[in-house]
2 protein chains.
Amino acid sequence: MSNPDSGSPPGNVGLVEPKSFHHPEPFTLQCGVTLPSYELIYETYGTLNADKSNAILICHALSGHHHAAGVHSADDAKPGWWDTAIGPGKPIDTNRFFVISLNNLGGCHGSTGPQSVDPATGKPYGPDFPNVVVRDWVNSQAALADHLGIGRFAAIVGGSLGGMQALQWAIDYPNRVKAAVVIAAAAKLSAQNIAFNEIARQAITSDPNYLEGRYADENSIPDKGLGLARMIGHVTYLSDDGMGEKFGRELKSGDLGRGSDVEFQVESYLHHQGQSFSRIFDANTYVLMTRALDYFDPARESNDNLVNAFESATASFLVVSFTTDWRFSVARSKEIVDALIAARKNVASAVIESVHGHDSFLLPLSRYHEVLRSYLARIADEVGS
Amino acid sequence: MSNPDSGSPPGNVGLVEPKSFHHPEPFTLQCGVTLPSYELIYETYGTLNADKSNAILICHALSGHHHAAGVHSADDAKPGWWDTAIGPGKPIDTNRFFVISLNNLGGCHGSTGPQSVDPATGKPYGPDFPNVVVRDWVNSQAALADHLGIGRFAAIVGGSLGGMQALQWAIDYPNRVKAAVVIAAAAKLSAQNIAFNEIARQAITSDPNYLEGRYADENSIPDKGLGLARMIGHVTYLSDDGMGEKFGRELKSGDLGRGSDVEFQVESYLHHQGQSFSRIFDANTYVLMTRALDYFDPARESNDNLVNAFESATASFLVVSFTTDWRFSVARSKEIVDALIAARKNVASAVIESVHGHDSFLLPLSRYHEVLRSYLARIADEVGS
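Residues numbered from 1 in each chain as written. Chains lettered and ligands numbered in written order. Predicted model: local features only at pLDDT ≥ 70, side-chain atom pairs only at ≥ 80, totals over all residues.

1. Some points on the overall build of chain A
Item 1. Scanning chain A for helices and strands turns up 10 helices and 16 strands.
Item 2. Its C-alpha radius of gyration of 21 Å places chain A within 12% of the 21 Å reference for a compact globule of 385 residues.
Item 3. Referenced to the eigenvectors of the C-alpha coordinate spread, the extents of chain A come out at roughly 65 × 50 × 50 Å.
Item 4. Here chain A holds 385 residues, and the buried ones make up 58% of them.
Item 5. Across chain A, contacts joining residues at least 24 apart in sequence account for 71% of those joining residues at least 6 apart. (Helix = DSSP H or I, 4+ residues; strand = E, 2+ residues; numbered from the N terminus. Rg over C-alpha atoms; globule rule 2.2 N^0.38 Å. Buried ≥ 20, exposed ≤ 12 C-beta atoms within 10 Å, placed from the backbone. Contact = placed C-beta atoms within 7 Å.)

Below, the structure is given as structure tokens:
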């Protein structure tokens with residue numbers, strides 16, 4: 001049934017409080033290492049219906065976290081990172097769906113990760129936190145779903161690295177995913193993608209404050225390296241045209257004709273991006289997350305045949321890409337769509353015109369939001385929420 | 001007249017010896033600083049004809065130098081950086097042309113630059129070497145031409161930053177340039193281009209061995225920062241497809257499924273590129289050259305009107321671009337061509353299919369070389385060499 005509020009203007013989810021899920025059992029990662037237990041920090045928005053059929057899981061990207069919507073206090077100036085998309089009457093409509101957003105294992109926003117204390121040593125894991133791959137995230141998220149009593153998600157939704165989690169869910173837990181919404185993602189990274197990630201890791205690990213990853217033990221922060229890594233990422237998330245529209249060649253200082261002490265606006269912007277990121281993100285987590293991106297390659301287990309990799313999936317798929325995204329281009333989404341079609345899956349796709357590059361997936365672009373809204377509204381109808 | 005040797009297979013220029021040009025007079029740069037004198041190291045290939053009308057000037061790119069063709073000793077395994085294009089019977093045919101290739105002012109291969117001793121202090125200039133812009137290079141090259149008795153070049157040829165010098169020559173010295181060959185260049189950098197350059201500079205200057213540019217005084221080398229800068233540059237000079245063809249997702253070590261200690265071939269390649277570059281290039285020069293790239297913007301003096309900027313030019317132009325070059329894309333060359341057409345100049349252009357990105361301009365791609373060859377053969381005919 002359609003919600004009586006759906007005609008009113010979209011609202012916000014308001015005050016939210018993060019919760020913590022403690023997984024008390026040992027949890028073995030794909031790399032062979034067993035964590036004795038783990039915590040996941042998460043938030044929920046909306047109400048789980050009686051038959052628990054209206055849950056949507058939001059999977060975050062490289063630098064994301066659990067706080068996707070709403071605010072943490074009445075005077076919180078900054079809402080969650082996807083507040084434009086999640087809320088009452090918004091594309092991911094909390095009047096109809098129960099939305100779960102978590103910080104992934106290995107993260108630095110409250111879930112067990114490199115900053116957590118290793119019970120074996122009494123000190124932070126730091127660089128010894130084991131490698132985590134997308135499948136590990138999906139498995140740990142499935143345990144969270146068990147904890148919440150959710151057998152089957154109405155949808156798993158994610159952009160970029162989050163889209164990879166949605167794909168892996170559909171492959172690994174076909175009975176637990178009704179729809180997978182895969183936005184600005186790729187079935188695997190290209191050599192160029194890996195190269196940019198490796199340069200970011202090199203920037204971090206060659207910062208003298210990195211101390212082979214043990215910076216926390218010495219009250220040190222590899223802020224310059226992490227800042228550089230973020231700048232590299234940031235440039236690749238934007239499009240050339242988008243940056244041109246935003247900054248052009250505007251000067252912040254200096255005289256171009258004389259070439260003396262010139263600073264362009266785009267330089268100043270990048271410095272700010274790098275510095276503020278390095279204050280809020282953990283360097284070991286950045287290394288871990290980029291590696292998870294590099295390693296993602298579900299076709300590899302099927303002889304590099306993506307069609308076969310999708311064989312187990314029963315979900316319906318929505319695949320969305322953006323015209324100026326050169327990090328995960330339209331062609332990469334088309335590879336996913338083509339493989340899903342060849343595997344005879346239920347797949348819808350949309351290519352959204354946007355000047356904003358890879359970052360488009362975070363923005364409230366009207367056609368993009370309409371596509372999400374109408375796709376998810378049909379899912380809501382089908383699950384009767 | 002056409003050369004009798006032109007039917008024989010292309011040969012090499014053989015042994016070459018760098019020469020040095022000492023400019024004994026004070027030389028005032030656009031930034032207002034005056035160098036008391038300067039040296040330019042250069043090489044020549046072929047023979048200057050009687051009326052000195054067959055000279056071609058090769059302008060190098062960011063990391064280039066004077067050694068463009070031939071070898072420095074009989075057992076020299078590595079010929080000059082553009083040996084495939086310069087030589088008897090090659091596209092830049094030394095049977096017909098007298099070719100001059102120099103290391104630019106501010107360089108690190110023998111011309112006056114940050115590694116040179118500042119006569120005022122008796123120590124290397126290091127970071128105090130003044131900012132140099134493309135116009136300064138052109139002025140210093142014009143003094144070298146005077147020294148060699150060359151009033152007018154048959155052609156000024158350059159790729160990337162070299163192409164910018166060819167454009168500036170045509171604008172500043174219309175009577176001294178018969179043809180400007182502008183390859184894989186742009187009339188100005190985009191915000192994205194500047195951003196990548198700034199990240200490279202940040203990588204260098206945040207290396208603790210950089211010592212605010214005074215590393216030479218302390219026998220230190222900011223090799224990690226310079227290596228990172230090179231890796232960033234390198235990835236942007238290649239195309240996504242080209243890197244995919246070359247490396248794919250081939251592993252050098254590790255187990256992707258388990259995600260443990262995986263190294264991809266492309267990572268190992270980048271490490272090698274970064275390390276070997278940091279052994280042969282000077283960090284202060286890298287900073288200086290990237291700034292010259294950023295500052296280049298000949299239209300700025302003409303109210304941002306590129307058509308007007310070209311008004312003074314009398315040269316004929318050849319503008320070449322490569323389909324997968326995303327650093328200086330085909331569209332950027334088209335801007336140059338369109339402005340030249342609007343300014344009613346003599347302009348030819350070619351877009352070359354290539355998978356090799358920006359680096360294509362250094363490669364012996366057959367259609368590219370045929371375009372160069374036929375264009376320059378006509379110039380040779382016209383100057384009667």
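The discussion continues.
2. A word on unusual backbone geometry
All names here are of chain B.
Item 1. Its identity is not glycine, yet Ser160 carries a phi of approximately 60°, on the positive side.
Item 2. With a phi close to 50°, Leu211 is a non-glycine residue in the positive phi region.
Item 3. Relative to the elements of secondary structure, Leu211 occurs in the loop between helix 3 (191-205) and helix 4 (223-237).

3. Overview of the sheet that holds strand 11 (residues 155-159) of chain A
Residue and element names in this part refer to chain A.
Item 1. The 8 strands are arranged 1-4-8-5-11-12-15-16 in an open sheet whose pairing can be described as mixed. The open sheet is flanked by strand 1 (19-23) and strand 16 (346-352), the only strands paired with a single partner. Within this sheet the neighbouring strands show an average axis-to-axis angle of 20°, counted without direction.
Item 2. Note that strand 15 (residues 316-322) and strand 16 share 7 bridges and pair parallel. Bridge assignment links Phe322 to a residue of strand 16, and that residue is Ile352.
Item 3. Packing against the sheet, helix 1 (residues 134-147) makes contact with strand 1, strand 4 (38-45), strand 5 (55-59) and strand 8 (98-102), and its axis sits at approximately 60° to strand 4.
Item 4. Contacts between helix 10 (residues 366-383) and the sheet are confined to strand 11, strand 12 (179-183), strand 15 and strand 16, with strand 16 contributing the most and set at about 160° to the helix. (Pairing = 2+ DSSP bridges. Axes fitted to C-alpha atoms, helices over the stretch in contact; angles between N-to-C directions.)

4. Description of the domain arrangement of chain A
All names here are of chain A.
Item 1. Split into domains, chain A comes out as domain 1 (4-188 + 298-383) and domain 2 (194-290).
Item 2. Contacts between the two partners involve 22 residues from domain 1, matched on the other side by 19 residues from domain 2.
Item 3. When grouped by side-chain class, the residues that make up the side of domain 1 that touches domain 2 number 9 nonpolar, 10 polar and 3 charged. (Domains from an automatic or database assignment. Nonpolar A, V, L, I, M, F, W, Y, C, P; charged D, E, K, R; others polar.)

5. Comments concerning the nonpolar core
Item 1. By size, the foremost hydrophobic cluster in this structure holds 240 residues, and its most contacted members are Ala180 of chain A together with Ala180 of chain B.
Item 2. When sequence neighbours within four positions are dropped, the list of residues in contact with Ala180 of chain B reads Ile156, Ala166, Leu167, Trp169, Ala170, Ala315 and Phe317 of chain B. (Core = buried A, V, L, I, M, F, W, Y, C linked by C-beta atoms within 7 Å.)

6. With respect to the pairing of strand 5 of chain A
Residue and element names in this part refer to chain A.
Item 1. Among the 5 residues in strand 5, 5 count as buried, and that is most of the element.
Item 2. Burial along strand 5 is two-sided: Ala55, Leu57 and Cys59 and Ile56 and Ile58, pointing in opposite directions, are all buried.
Item 3. Pairing analysis gives 4 bridges linking strand 5 to strand 11, with the strands arranged parallel. Bridged to Cys59 within strand 11 is Gly158.

7. Digging into the relation of the copies chain A and chain B
The operation linking the two copies of the chain is a rotation about an axis combined with a translation along the axis.
Item 1. Once chain A has been moved 0.0 Å along the axis and rotated by 180°, it coincides with chain B to within an RMSD of 0.0 Å. Expressed as an axis order, the relation between the two copies is that of a two-fold axis.
Item 2. By residue overlap, the copies meet face to face through one surface: 100% of the interface positions of chain A are interface positions in chain B. (Least-squares fit on C-alpha atoms with pLDDT ≥ 70 in both.)

8. Brief notes about the sheet that holds strand 12 (residues 179-183) of chain B
All names here are of chain B.
Item 1. Spatial strand order, 1-4-8-5-11-12-15-16: 8 strands in an open sheet with mixed pairing. Sheet topology places strand 1 (19-23) and strand 16 (346-352) at the edges, where each strand pairs with a single neighbour. Taken pair by pair, the neighbouring strands of this sheet meet at an average axis angle of 20°, ignoring direction.
Item 2. In terms of strand pairing, strand 11 (residues 155-159) meets strand 12 through 4 bridges, oriented parallel. Along strand 12, the bridge assignment pairs Gly158 with Val182.
Item 3. Sheet contacts for helix 10 (residues 366-383): strand 11, strand 12, strand 15 (316-322) and strand 16; angle to strand 16, the most-contacted strand, approximately 160°.

9. Section: helix 3 (residues 191-205) of chain A
Item 1. The terminal C-alpha atoms of helix 3 of chain A lie 21 Å apart, and with 15 residues this matches the ideal 21 Å at 1.5 Å per residue to within 8%.
Item 2. With respect to burial, helix 3 of chain A is a largely interior element, 14 of its 15 residues being buried. (Expected span 1.5 Å × (residues − 1).)

10. A short note on the confidence of the model for chain A
All names here are of chain A.
Item 1. Taken over all residues, the pLDDT of chain A has a mean of 95, while the share at 70 or more is 98%.
Item 2. Long-range and interchain partners of residues 1-7, a stretch whose pLDDT sits below 50, account for 8 contacts in this model, where long-range means more than four residues apart.
Item 3. For this predicted complex, the interface confidence score (ipTM) comes to 0.92, while the overall pTM stands at 0.94. (pLDDT = per-residue confidence, 0-100.)

11. Digging into the interface of chain A and chain B
Item 1. Residue-level contacts link 45 residues of chain A with 45 residues of chain B.
Item 2. At 9 residues, the largest contribution of residues to the side of chain A that touches chain B is made by helix 3 of chain A.
Item 3. Partitioning the side of chain A that touches chain B into residue classes produces 21 nonpolar, 12 polar and 12 charged.

12. A few points about the environment of Leu251 of chain B
Residue and element names in this part refer to chain B.
Item 1. With respect to the secondary-structure elements, Leu251 resides in strand 13 (residues 251-255).
Item 2. The exposure class assigned to Leu251 is partly exposed, which follows from the 14 C-beta atoms found within 10 Å.
Item 3. If we skip the residues at most four places from it in the chain, Leu251 touches Leu256, Val262 and Phe264.

13. Some details on the packing of helix 4 (residues 223-237) of chain A against helix 6 (residues 265-280) of chain A
Residues and elements named next belong to chain A.
Item 1. It is the contact of helix 4 with helix 6, at a shortest axis distance of 8 Å, that shows an interaxial angle of 125°. Considered as vectors, helix 4 and helix 6 are oriented oblique to each other. Helix 6 is crossed by helix 4, and the crossing has right-handed handedness. Together, Asp223, Leu226, Gly227, Leu228, Arg230, Met231 and His234 of helix 4 and Leu270, Gln273, Gly274, Gln275, Phe277 and Ser278 of helix 6 make up the contact between the two elements.
Item 2. In the contact of helix 4 with helix 6, the residues fall into 5 nonpolar, 6 polar and 2 charged. (Parallel < 35°, antiparallel > 145°, perpendicular 65-115°, else oblique. Left-handed = near helix turned anticlockwise from the far one by under 90°.)

14. Focus: the environment of Thr236 of chain A
All names here are of chain A.
Item 1. Checked against the element boundaries, Thr236 lands in helix 4.
Item 2. Expressed as a C-alpha distance, the spacing of Thr236 and Arg152, which sit 84 residues apart in the sequence, is 35 Å.
Item 3. With residues near it in sequence (within four places) discarded, Thr236 still touches Phe196 and Arg327.

15. Some points on the environment of Ile150 of chain A
Residues and elements named next belong to chain A.
Item 1. The topology assignment puts Ile150 in the loop between helix 1 and strand 11.
Item 2. Looking at Ile150, the number of C-beta atoms within 10 Å reads 20, which means it is buried.
Item 3. Not counting chain neighbours up to four residues away, the residues in contact with Ile150 comprise Lys52, Ala55 and Ala145.

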